[in-house]
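# Notes for the structure review
Listed below, chain by chain, are the residues.
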Amino acid sequence: MPSLLEQASKVLHNNWKEAFTIPCEGLYPFQWNWDSGFIAIGWAHIDMERAKSEIRSLLKGQWKNGFLPHIVFHNESKTYYPGPEVHAAHLSDQSPDVRTSGITQPPVLGFVLEELYRISEDKEDILSFIDSVYDAVYQNHHYFYTNRDPQNEGLVYICHNWEAGTDNTPVWDFIWSTFEVPDYELDRKDTKLIDASHRPTNKEYQYYIHLIELFKQWKYDDAKIAEGSPFLVQDPLFNSMLIKANESLIALGKLLRKNNKVAQLEQWQEQALQAMNSKLFDENLQGYVYYDLRNERKLSHLSSSSFTPLMAGIPSEERAETMIEHLHRGSFSGENDENFLCASFDPSSEFFNSKKYWRGPVWINLNWIIYRGLKRYGYEELSEKIKEHTIHFMETYGFYEYFEPSKELNKTLDKGYGGNNFSWSAALTIDLLTNKL
Ligand code: GLC
């Protein structure tokens, strides 16, 4: 029986397509943005050249203004909807020659580069690679702060649920209820590939497609999107990833003597940290939440995204302590420790659904982010618990896309949910098993 590490490595090798890695055969057959970031961390432990290639391939999809799309369609596939013809990113005068989507995903590349630097045994070699991509990643941050922060607050918005990475979190229900959408004819493939009850509904997909149709009408012009998009949200996960990536780009920029860029990053960072703590922290819930910029209101719900500011060092020690109560004594673990960590949505909420995608199941990349955050704040025991739960899922069921949080229900299951042989589940398992923090 191959070891867990060998099994994880096999998943990555099987999903490798010449120069990049797909998230999952069939279900996600192209290159995805933040997936590639996590996947590169996994590759870095077993084949650094592939980690570099992963990042270079993703950057091939970068737009002239620094924007980095959520999908790069390097290859052909008929198993995914909506494909390149639906996204029609060529409508934008900023898009590159390669086909891409016109929406983005959480910006993880900055801190992925720092991870590669830490993992690599050949510092000189990896630094020269980082030097070769640094400016492109910096340009992506520049894009965010100049196009996605209309009130110059230090917080960037997302304009589509797929930009969040947490596609169908119940939080978006409160956005969908603010506008109507026509009945689009959908050509969904996902529900034919896996259990449809684990995926978003058709009604939700109507909203997803409607937003894309609006953006196409506006030729993906950011100013028009900021003015007209009914979905305009400051998301705690997205902003935490950007802040963590800022921090890494500052550290790497110092090594590479990129003084002007470092100074600019420091300026963004100072404002961003302050804004996260003043605007996205909910005193009643004692956690980081979402802000609906279009309708000017907080969306006060706890999700696994609420804990991601820990990884970026955003909360004070004191605030971190009260936040963490939710995890080990509160609703996420359950009062009697009845859940595996960490459900993607507050298990005590009426909107929680333990099987449905981002409405409750445990996701491995979020576990990894929270694990890193807990380490950063010195919560050794709790971080080890998250690691244990993560490895438990992989060992028991395999490298699925998401998992059932309830310990009781898990007794009745023989697999995880969603796609199997999912790349970031494998990649981050490699990191958890190998990386000495
Ligand atoms: C799903 C996830 C998203 C991920 C993509 C590819 O859409 O919600 O976060 O990037 O699949 O794996």
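A few words now on the side chain of H198. Relative to the helices and strands, H198 resides in the loop between helix 9 (190-193) and helix 10 (202-217). Classification of H198 by relative accessible area gives buried; the value is 11%. Contacts of H198, omitting those with residues within four sequence positions, involve K355, K356, Y357, Y402, Y417 and G418.

Right, let's get into the confidence of the model for the chain. Chain-level pLDDT for the chain is 97 on average; 100% of the residues reach the 70-or-more range. The weakest mean pLDDT in the chain belongs to helix 14 (residues 317-328) at 94; the strongest belongs to helix 12 (residues 236-255) at 99.

At their nearest, the axes of helix 6 (residues 123-147) and helix 12 sit 10 Å apart, and the two run at 140° to each other. One way to sum up the angle between helix 6 and helix 12 is to call them oblique. Handedness of the crossing formed by helix 6 with helix 12: left-handed. Here helix 6 contributes L127, I130, Y134, V137, Y138, H141, F144 and Y145 to the contact with helix 12, which in turn contributes F238, L242, A245, N246, L249, I250, L252, G253 and L255. Residue classes in the contact of helix 6 with helix 12 are distributed as 14 nonpolar, 3 polar and no charged.

Moving on, we get to the site of the ligand. All residues adjacent to the ligand are P23, Y28, W32, W34, D35, Q105, G165, D167, Y357, W358, F422 and W424. A distance of 2.9 Å is found between an oxygen atom of the ligand and a side-chain nitrogen or oxygen belonging to Q105. Contacts to the ligand include D167, whose side-chain N or O atom sits 2.7 Å from an oxygen atom. Notes on the ligand: free accessible area 300 Å², of which the protein chains cover 97%. For the shell around the ligand, the residue count by class is 8 nonpolar, 2 polar and 2 charged.

Calculation notes
Residues numbered from 1 in each chain as written. Predicted model: local features only at pLDDT ≥ 70, side-chain atom pairs only at ≥ 80, totals over all residues. Heavy atoms only, no water. Helix = DSSP H or I, 4+ residues; strand = E, 2+ residues; numbered from the N terminus. Buried < 20%, exposed > 50% of the residue type's maximum accessible area, 1.4 Å probe, protein only. Contact = heavy atoms within 4.5 Å. pLDDT = per-residue confidence, 0-100. Axes fitted to C-alpha atoms, helices over the stretch in contact; angles between N-to-C directions. Parallel < 35°, antiparallel > 145°, perpendicular 65-115°, else oblique. Left-handed = near helix turned anticlockwise from the far one by under 90°. Nonpolar A, V, L, I, M, F, W, Y, C, P; charged D, E, K, R; others polar. Near = heavy atom within 4 Å. Polar contact = N/O pair within 3.5 Å; in protein donor to acceptor, adjacent residues only side chain to side chain. Areas by Shrake-Rupley, 256 points an atom, 1.4 Å probe, with all protein chains shown as cover.

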